[in-house]
Amino acid sequence: MYRRCSSYFNNPTFGMIFILVVVSTEVFSPVIAGPEGPLRLVILLFRHGSRAPAVTYPNDPHQNYPWVGGLGALQPEGIHQGYQLGQNFAKRYQALLPPDGYYTAQRIHAVSSSVERSVMTAQAVLAGLLKPQNLTLDIPWQPASILTIPIYQDSILVQQQPCPKYSREFKRFLDNPTPEFRQTMLELKSEMEYVTKHSGAAITELWQLAQLYDALLIQRRFGLKLPAWTNKFLPERALRCVGVFLRSFTATPIMKRLRGGATFTEFIKIMKSKQAKTLSPDRSVFIYSGHDSTQVSLLDSMGMLDQTTDLPEYASTVAFELLENTGLPRELEIRMVYYRNSTVENPEILTIPGCSAPCPLNQFEKLFKGISFEYIECSSTALTSSLLIILLSLVLTM
């Protein structure tokens, strides 16, 4: 399922992605002494770094702007964000990393979506995370393995694996939306007509409007002068539209289980294996590199999105920290924290609904049983309407 590539951090135009790091310790692993008990494992899920717009539009005055790497590519700022994020992870989880700073598959497991900027961000993060003490090569970095998931097999990061059941539920939601979503779409209809007139692009769907707004917001962020017609919507209304788009992927309980639940289930299996002492190899760091949609879908499915944002910043991170229970050594507890961007050294502690912090892992699993994902639910060779979902979710992540 995974493909392997190496990390080469010697080009200032390398790209960036959401990364999830899982850190653990055992007999031969050092531990971090915390007030709740030693830290045994950490999972970091983050968005890629700053990127170029994914698209342009017919009347775009910046169609030929020289974005480094082209449309959708990780920008130099994004490389720095990834590197800085890795450095901050190293400070908080230093005792869980290889003591000599060298990459080893026995301690570290890095997974990325197959999107280029995601893989490149993972490379930047690993370069900041690992600092070899005695370099044998005359270069200030080391290669580190990153596994990539082929796009149409990916249900946890870019989430493009065809799932007919999800596609049917998405279509059902669009045909019979909630009153709130219906009202939002009515309000956006006039915006679509206005944007179509001035941009020269045919905008008739939410994903098309969100995609164009995303491009404008990025151009604005990089200081490019925008046409006067964009002042009517930027930035507030454009940001709202993109947020509505990202939340639409988990609009119903079934959609939550089949999308955010797939990512959650991947993580809970790792943590349960750690508690059962069956994790093999017993790695100390697991890294999953994803996208804004990955983070929003996960937290919305867990009922925790209101504590963060439906518009994650570049390099924002959700972390699952697994701690030893000092009263019950054979049981572990979980603490969830959130890094809003790459500059954060001390992340915010998130409140787990219905559980104290830290939350016993067994109780944590029971609390979120409703979003437990079974791959058999999506097992089918039929694509049909799932092509619609692939198109919709590609627009902001590819």
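Quick note: structure is the one above.
Bear in mind that the values here come from a model prediction, so they are computed numbers and not experimental data. (Residues numbered from 1 in each chain as written. Predicted model: local features only at pLDDT ≥ 70, side-chain atom pairs only at ≥ 80, totals over all residues. Heavy atoms only, no water.)

K.L.:
With reference to specific residues and values, describe the overall build of the protein chain.
P.N.:
Scanning the protein chain from terminus to terminus reveals eleven helices and nine strands. For the protein chain, the proportion of its 398 residues judged to be buried stands at 58%. Here the analysis covers contacts within the protein chain between residues at least 6 apart in sequence; of these, 76% occur between residues at least 24 apart. Accessible area for the protein chain stands at about 16,700 Å²; split by element, carbon and sulfur atoms hold 54% of it. (Helix = DSSP H or I, 4+ residues; strand = E, 2+ residues; numbered from the N terminus. Buried < 20%, exposed > 50% of the residue type's maximum accessible area, 1.4 Å probe, protein only. Contact = heavy atoms within 4.5 Å. Areas by Shrake-Rupley, 256 points an atom, 1.4 Å probe, with all protein chains shown as cover.)

K.L.:
Describe the nonpolar core, naming the residues involved and giving the relevant values.
P.N.:
Tyr213, Met271, Met302, Phe320, Met336, Ile352 and Phe364 are the most contacted members of the largest nonpolar core, which totals 72 residues. Among all residues touching Met302, those that are not within four sequence positions of it are Phe264, Phe320, Met336, Pro353, Phe364, Phe368 and Ile371. Grouped together as the second largest cluster of nonpolar side chains are 28 residues, Leu39, Tyr93, Leu97 and Leu130 included. (Core = buried A, V, L, I, M, F, W, Y, C linked by side-chain atoms within 4.5 Å.)

K.L.:
Describe in detail the pairing of strand 4 (residues 145-149), supporting the description with residues and values.
P.N.:
Burial runs high along strand 4: five of the five residues are buried. Of the two faces of strand 4, the one carrying Ser145, Leu147 and Ile149 and the one carrying Ile146 and Thr148 are both buried. In the sheet, strand 3 (residues 108-113) pairs with strand 4 via three bridges, with the strands oriented parallel. Bridged to Val111 within strand 4 is Leu147. (Pairing = 2+ DSSP bridges.)

K.L.:
Tell me about the packing of helix 4 (residues 179-199) against helix 5 (residues 206-221), and name the residues and values.
P.N.:
Relative orientation of the contacting elements helix 4 and helix 5 amounts to 60°, with a least axis distance of 10 Å. Taken together, helix 4 and helix 5 sit at an angle that is classed as oblique. Crossing angle aside, the handedness with which helix 4 passes helix 5 is left-handed. Here helix 4 contributes Phe181, Met185, Leu188, Glu191, Met192, Val195 and Ser199 to the contact with helix 5, which in turn contributes Leu206, Leu209, Leu212 and Tyr213. (Axes fitted to C-alpha atoms, helices over the stretch in contact; angles between N-to-C directions. Parallel < 35°, antiparallel > 145°, perpendicular 65-115°, else oblique. Left-handed = near helix turned anticlockwise from the far one by under 90°.)

K.L.:
I'd like a rundown of helix 4, residues and numbers included.
P.N.:
Helix length check: helix 4 (21 residues) gives 29 Å between terminal C-alpha atoms against 30 Å at 1.5 Å per residue, within 8%. A maximum bend of about 30° is found in helix 4 at Leu188. Among the residues making up helix 4, those that are buried are Phe181, Thr184, Leu188, Glu191, Met192, Val195 and Ser199. Of the surrounding elements, those touching the buried residues of helix 4 are helix 3 (164-175), helix 5 and helix 6 (236-247). Gly200 sits one or two positions beyond helix 4 and adopts a positive phi of about 85°. (Expected span 1.5 Å × (residues − 1). Bend = angle between axes of the 7 residues up to and from the residue.)

K.L.:
Before we move on, could you go through the environment of Phe320 and cite the residues and values that matter?
P.N.:
Structurally, the position occupied by Phe320 is in strand 6 (residues 317-324). When the C-alpha positions of Phe320 and Val42 are compared, they lie 5.3 Å apart, and in sequence the two are 278 residues distant. In this structure, Phe320 is in contact with Leu41, Val42, Ile43, Phe267, Met271, Leu298, Met302, Ile334, Arg335, Met336 and Phe364, ignoring residues within four places of it in sequence.

K.L.:
Requested: an account of the environment of Ala144, with residues and values cited.
P.N.:
In this fold, Ala144 is placed in the loop between helix 2 (116-129) and strand 4. In this structure Ala144 comes out as buried when scored by relative accessible area, which is 3%.

K.L.:
So what about the packing of aromatic side chains? Which residues, and what values?
P.N.:
Counting across every chain of the model gives 18 aromatic pairs. With 6.4 Å between their ring centres and 45° between their planes, Phe89 and Tyr93 make a pair best called tilted. Overall, Tyr93 belongs to the buried group, its relative accessible area being 1%. Ring centres of Tyr166 and Phe170 lie 6.0 Å apart, and the angle between their planes is 45°; on these two criteria the pair is classed as tilted. Of this pair, Tyr166 and Phe170 both sit in helix 3, separated by four residues, roughly a single helical turn. (Phe/Tyr/Trp six-rings, centres within 6.5 Å; stacked < 30°, edge-to-face > 60°.)

K.L.:
Kindly report on the pattern of salt bridges, identifying the contributing residues and their values.
P.N.:
All told, the structure shown has 18 salt bridges when counted by the stated rule. Of the charged contacts in the structure, one is a salt bridge between Arg247 and Asp310, with a shortest N-O distance of 2.0 Å. Of this pair, Arg247 sits in helix 6 while Asp310 is found in the loop between helix 9 (292-301) and strand 6, placing the two residues 63 residues apart along the sequence. Residue class for Arg247 comes out partly exposed when judged on its relative accessible area of 30%. Here Lys274 makes a salt bridge to Asp282, at a shortest N to O gap of 2.9 Å. Classification of Lys274 by relative accessible area gives buried; the value is 3%. When salt bridges with common partners are traced through the structure, they connect Arg92, Glu321 and Arg335 into a single cluster. (Salt bridge = Lys/Arg side-chain N within 4 Å of Asp/Glu carboxyl O.)

K.L.:
Residue-level account of the state of the cysteines, with values.
P.N.:
All told, the structure shown has two disulfides when counted by the stated rule. The residue that forms a disulfide with Cys163 is Cys378, at a sulfur-sulfur distance of 1.9 Å. Because the sign of the S-S torsion sets the handedness, a value of about -70° for the bond joining Cys163 and Cys378 places this disulfide among the left-handed ones. Residue Cys163 is located in the loop between strand 4 and helix 3, and its partner Cys378 is located in the loop between helix 10 (361-367) and helix 11 (386-397); the two are separated by 215 residues in the primary sequence. (Disulfide = S-S within 2.5 Å.)

Scope: geometric values only; no functional claims are made or implied.
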